[in-house]
Amino acid sequence: MRLLRGILALYPLALVAILWQIAASLGWVRPIFLPSLTKIVEITPKLLTDGEVISPLFVSLYRAAAGLILAMAIGIPLGFLIARIRWIRWLFDPFVAVGSPSPKIAFLPVFVLWFGIGHLSKILLVTFTTVFPFIIAAYAGAMTVPVNQLWAARAMGTSNLGLLRRVILPASLPALMNGFRVAVPYALMTAFTAEMIAGGGGLGGALVLAQRYFDTPTVFVYILIMLIVGYIGDNAVTWLRRRILRWHEE
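Below: a short report on this structure. Model, not experiment: these values are computed from the prediction.

### Focus on the overall build of the protein chain
Helix and strand counts for the protein chain come out as 11 helices and 0 strands. Along the protein chain, helices and strands appear, N-terminal first, in the series α-α-α-α-α-α-α-α-α-α-α. Expressed as a percentage of its 250 residues, the buried residues of the protein chain come to 39%. By sequence separation, contacts in the protein chain at least 24 residues apart represent 71% of the contacts at least 6 residues apart. Accessible surface, the protein chain: about 15000 Å² in total, of which carbon and sulfur atoms supply 72%.

Shown next, in the form of structure tokens:
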């Protein structure tokens, strides 16, 4: 049964691959627009061994991970504070309401102007993009804690820090993991897109450089690697959620 589910899950990808190869082989689409899969498979090992994939990929992953960690460090405590302290909620609610649905990539020219085209502008843009899922997740998780549990902890002499660590944080873990799963693809997309638009290296910058030279097979290699990285990232978060929230899943 598990094998059958795996085959059914891969069926759409296999169908796309077959149609792709047929269209390219029969000349329905010019190679400059759609190279064949065999051509892509042929050049991929060379790109990997020449460092034209690994080095840019590590740059992009570093920017995405650094921005994500910074967003967690800012968003989770702020979400808890918004949930528990009224004046902080009054102060930050408008910013979250306006900033969360806004198109973050539109701020890229401002970040480049302020911080240059290197690592810092991309990391801070990733932070700006992913901080809102963490704020919302932390707020939602903290608001699910029953008031009587907070009162009981207070009655037993629990400090504010102990209340956060022993009561609010464990109860908020399911919501935080949901926010983390939302934030990871946002971080990757923001890093890749910022590199494609503003340059400064990374996998997105390498893709645009290949496109400028009309090296279409290399462009598709980079696109496929981005898709694979996103898929692996999402599955890694899902696995981590099952490990951390085993008690919740049961």
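### Let's talk about the packing of helix α4 (residues 86-99) against helix α6 (residues 119-143)
At a minimum axis distance of 11 Å, the contact between α4 and α6 shows a crossing angle of 130 degrees. By the angle class used here, α4 and α6 are oblique. You can see that α4 and α6 cross each other, and the crossing is left-handed. Between α4 and α6, the residues in contact are R89, F95, V96 and G99 and F132, I135, I136 and Y139, respectively.

### Examining the pattern of salt bridges
For the coordinates displayed, the defined rule picks out 3 salt bridges. Here R63 ties to E195 by a salt bridge, and the two come within 2.9 Å at their closest N and O atoms. Of the two residues, R63 sits in helix α3 (residues 54-84) while E195 sits in helix α8 (residues 160-198), which places them 132 residues apart along the sequence. Accessibility assignment for this pair places R63 and E195 in one class, buried. As a salt-bridge pair, D234 and R181 come within 2.9 Å of each other at their nearest N and O atoms. One end of the pair, D234, is in helix α10 (residues 216-244); the other, R181, is in helix α8, with 53 residues separating them in the sequence.

### Observations concerning the packing of aromatic side chains
This model, assessed by the stated rule, comprises 7 aromatic pairs. Residues F128 and F132 carry aromatic rings whose centres are separated by 5.8 Å and whose planes lie at 70 degrees to one another, so their mutual orientation is edge-to-face. With F128 and F132 both in helix α6 and 4 residues apart, this pair spans about one turn of that helix. Three or more aromatic residues joined by ring pairs make a cluster, and in this case those are F107, F111, W114, F115, F128 and F132.

### Overview of the packing of α3 against α6
At a minimum axis distance of 5 Å, the contact between α3 and α6 shows a crossing angle of 35 degrees. As α3 runs across α6, the sense of the crossing is right-handed. Partitioned by chemical class, the residues of the contact of α3 with α6 number 24 nonpolar, 6 polar and 3 charged.

### Things to note about the layout of surface pockets
As a volume, the largest pocket reaches approximately 450 Å³. Surrounding the largest pocket, 14 residues form its lining, L13, W20, L224, L227 and I228 being those nearest its centre. For the lining of the largest pocket, the elements supplying multiple residues, two or more each, are α1 (2-25), α2 (37-49) and α10. Among the elements that make up the lining of the largest pocket, the one with the highest residue count is α10 (6 residues). Class assignment of the residues belonging to the lining of the largest pocket gives a composition of 13 nonpolar, 1 polar and no charged.

### What to know about unusual backbone geometry
In this structure, F214 takes a positive phi of about 55 degrees despite not being glycine. Within the element layout of this structure, F214 appears in the loop between α9 (202-212) and α10.

### Some words on the nonpolar core
Membership of the largest hydrophobic core comes to 48 residues, with the highest contact counts inside it found for L68, F134, F180, L203, Y222 and I225. Those elements that place two or more of their residues in this core are α2, α3, α4, α6, α8, α9 and α10. Beyond its immediate sequence surroundings of up to four residues, Y222 is in contact with E52, V53, L203, A206, L207 and A210.

### So, the environment of I223
Among the secondary structure elements, I223 is positioned in helix α10. Here I223 falls in the partly exposed class, since its relative accessible area comes to 33%. The sequence separation of I223 and G204 amounts to 19 residues, and the corresponding C-alpha distance is 9.0 Å.

### Quick word on a nonpolar patch on the surface
On the surface, L15, I18, L19, I22, L26 and W28 cluster together to form a nonpolar patch covering roughly 620 Å² of accessible area. You can see W28 is positioned in the loop between α1 and α2. Its relative accessible area of 62% is what places W28 among the exposed residues.

Calculation rules
Residues numbered from 1 in each chain as written. Predicted model: local features only at pLDDT ≥ 70, side-chain atom pairs only at ≥ 80, totals over all residues. Heavy atoms only, no water. Helix = DSSP H or I, 4+ residues; strand = E, 2+ residues; numbered from the N terminus. Buried < 20%, exposed > 50% of the residue type's maximum accessible area, 1.4 Å probe, protein only. Contact = heavy atoms within 4.5 Å. Areas by Shrake-Rupley, 256 points an atom, 1.4 Å probe, with all protein chains shown as cover. Axes fitted to C-alpha atoms, helices over the stretch in contact; angles between N-to-C directions. Parallel < 35°, antiparallel > 145°, perpendicular 65-115°, else oblique. Left-handed = near helix turned anticlockwise from the far one by under 90°. Salt bridge = Lys/Arg side-chain N within 4 Å of Asp/Glu carboxyl O. Phe/Tyr/Trp six-rings, centres within 6.5 Å; stacked < 30°, edge-to-face > 60°. Nonpolar A, V, L, I, M, F, W, Y, C, P; charged D, E, K, R; others polar. 1 Å grid on protein atoms, 1.4 Å probe; cavity = no way out; pocket = protein on both sides within 12 Å on 5 of 7 lines; lining within 4 Å. Points joined across faces, edges and corners; volume = space filled by probe spheres on them. Core = buried A, V, L, I, M, F, W, Y, C linked by side-chain atoms within 4.5 Å. Patch = residues over 30% accessible without salt bridge, like charges linked within 9 Å, V, L, I, M, F, W, Y side chains within 5 Å.

Purely geometric numbers; function is a separate question.
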